[in-house]
Amino acid sequence: MFYETAKGHGLPHDPSKAIVSPRPVGWISTVSASGALNLAPYSFFNMFESDPFLVWFSSSGEKDSATFARETGEFVVNLAGRDLLSKMVASSVDAPRGVSEFGYADLTPEPSRLVRPPRVKEALAALECKVTDIMTPKTWSGAECDAVVVSGEVIGVFIDDSVLTDGLFDVVKAGNVARLGYFDYLTVDKVFQMRRPRWKAD
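A few points on the structure. Predicted, not measured: the structure shown is a model, and the values here were computed from it. (Residues numbered from 1 in each chain as written. Predicted model: local features only at pLDDT ≥ 70, side-chain atom pairs only at ≥ 80, totals over all residues. Heavy atoms only, no water.)

1. A look at the sheet that holds strand β14 (residues 185-187)
Neighbouring strands of a sheet are bound in pairs by backbone hydrogen bonds; such pairs are parallel or else antiparallel.
Line of reasoning, step 1. Pairing is antiparallel in the open sheet, where 3 strands are placed in the order β1-β13-β14. At either end of the open sheet lies a strand with only one pairing partner, and these are β1 (23-24) and β14. (Pairing = 2+ DSSP bridges. Helix = DSSP H or I, 4+ residues; strand = E, 2+ residues; numbered from the N terminus.)

As structure tokens, this is what we get:
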């Protein structure tokens, strides 16, 4: 099949998020200027540079995560592992502002080292970030989208020693969670290596 996105797909559900998958989950913790805590998972998340270490997350409309990151200039990305999957999903509840998802999902806010938002104590890794940009993307015609994209520089990294194997971060032990399409998720349970080729001139 082929469809023009402006005309619709004719399928029972939009396939776009299933095609662009798996997507890592950015489990974002923030704090407002007044001290209110927020925790929410974002599957529109990734890193886009390693030196400096830069990450981004995006939401449809400016939700509390973006608002609080804008107010304080900081956020934390917590690793969602297989053992925390149900609590991560619980933290996506559409709670009213002022209700902490930490308490709702039975998670513990742990003070960060370099930023004000706490990390999730139960998470096996966390990235402490300073906001570098908040933007509204545009369509090809120049119209603004509803999305809000928050990018940040990672200034501190927490790793639980239990997921280090010979000095390497072990994604199988950590059980990194990724989002697929629809209501589907996956967790990492095996890895394999492939090296990119090197060009050899004749």
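2. Overview of empty space enclosed by the protein
Line of reasoning, step 1. In this structure the tally under the stated criterion is 1 cavity of 30 Å³ or more.
Line of reasoning, step 2. In this model, the largest cavity occupies a volume close to 30 Å³.
Line of reasoning, step 3. Every residue along the wall of the largest cavity is listed here: Leu 37, Asn 38, Asp 64, Phe 68, Ala 95, Pro 96, Arg 97, Gly 98, Val 99 and Glu 101.
Line of reasoning, step 4. Contributions of two or more residues to the lining of the largest cavity are made by β3 (37-42) and α2 (64-72). (1 Å grid on protein atoms, 1.4 Å probe; cavity = no way out; pocket = protein on both sides within 12 Å on 5 of 7 lines; lining within 4 Å. Points joined across faces, edges and corners; volume = space filled by probe spheres on them.)

3. Considerations on α2
Line of reasoning, step 1. Counting buried positions along α2 gives 7 out of 9 residues, so the element sits mostly inside the fold.
Line of reasoning, step 2. Where α2 is concerned, the buried positions are Asp 64, Ser 65, Ala 66, Thr 67, Phe 68, Ala 69 and Thr 72.
Line of reasoning, step 3. Buried residues in α2 make contact with β2 (26-31), β3, β5 (53-60), β6 (74-78), β9 (125-135) and β10 (147-159).
Line of reasoning, step 4. Gly 73 sits one or two positions beyond α2 and adopts a positive phi of about 75 degrees. (Buried < 20%, exposed > 50% of the residue type's maximum accessible area, 1.4 Å probe, protein only. Contact = heavy atoms within 4.5 Å.)

4. A look at the pattern of salt bridges
Line of reasoning, step 1. On inspection of all chains with the given rule, the structure shows 5 salt bridges.
Line of reasoning, step 2. In this structure, the salt-bridge partner of Arg 116 is Glu 74, at a minimum N-O distance of 3.1 Å. Here the residue Arg 116 occupies a position in the loop between β7 (109-110) and β8 (119-120), and Glu 74 occupies one in strand β6, the gap between them amounting to 42 residues.
Line of reasoning, step 3. Overall, Arg 116 belongs to the exposed group, its relative accessible area being 55%.
Line of reasoning, step 4. For Glu 74, a relative accessible area of 3% translates into the label buried. (Salt bridge = Lys/Arg side-chain N within 4 Å of Asp/Glu carboxyl O.)

5. Quick notes on the layout of surface pockets
Empty space among the atoms becomes apparent when a probe as large as a water molecule is rolled across them.
Line of reasoning, step 1. Within this model, the largest pocket holds a volume of roughly 680 Å³.
Line of reasoning, step 2. Taken together, 28 residues form the lining of the largest pocket, with Ala 40, Pro 41, Tyr 42, Lys 63 and Ser 92 sitting closest to its centre.
Line of reasoning, step 3. Breaking the lining of the largest pocket down by element, the ones donating at least two residues are β3, β5 and α2.
Line of reasoning, step 4. Top contributing element to the lining of the largest pocket by residue count: β3, with 5 residues.
Line of reasoning, step 5. Split by residue class, the lining of the largest pocket holds 12 nonpolar, 8 polar and 8 charged. (Nonpolar A, V, L, I, M, F, W, Y, C, P; charged D, E, K, R; others polar.)

6. Observations regarding the side chain of Glu 74
Line of reasoning, step 1. At 2.8 Å, the side chain of Glu 74 forms a polar contact with the backbone nitrogen of Arg 116.
Line of reasoning, step 2. Not counting chain neighbours up to four residues away, the residues in contact with Glu 74 comprise Thr 30, Ala 69, Leu 114, Val 115, Arg 116, Pro 117, Cys 129, Lys 130 and Val 131. (Polar contact = N/O pair within 3.5 Å; in protein donor to acceptor, adjacent residues only side chain to side chain.)

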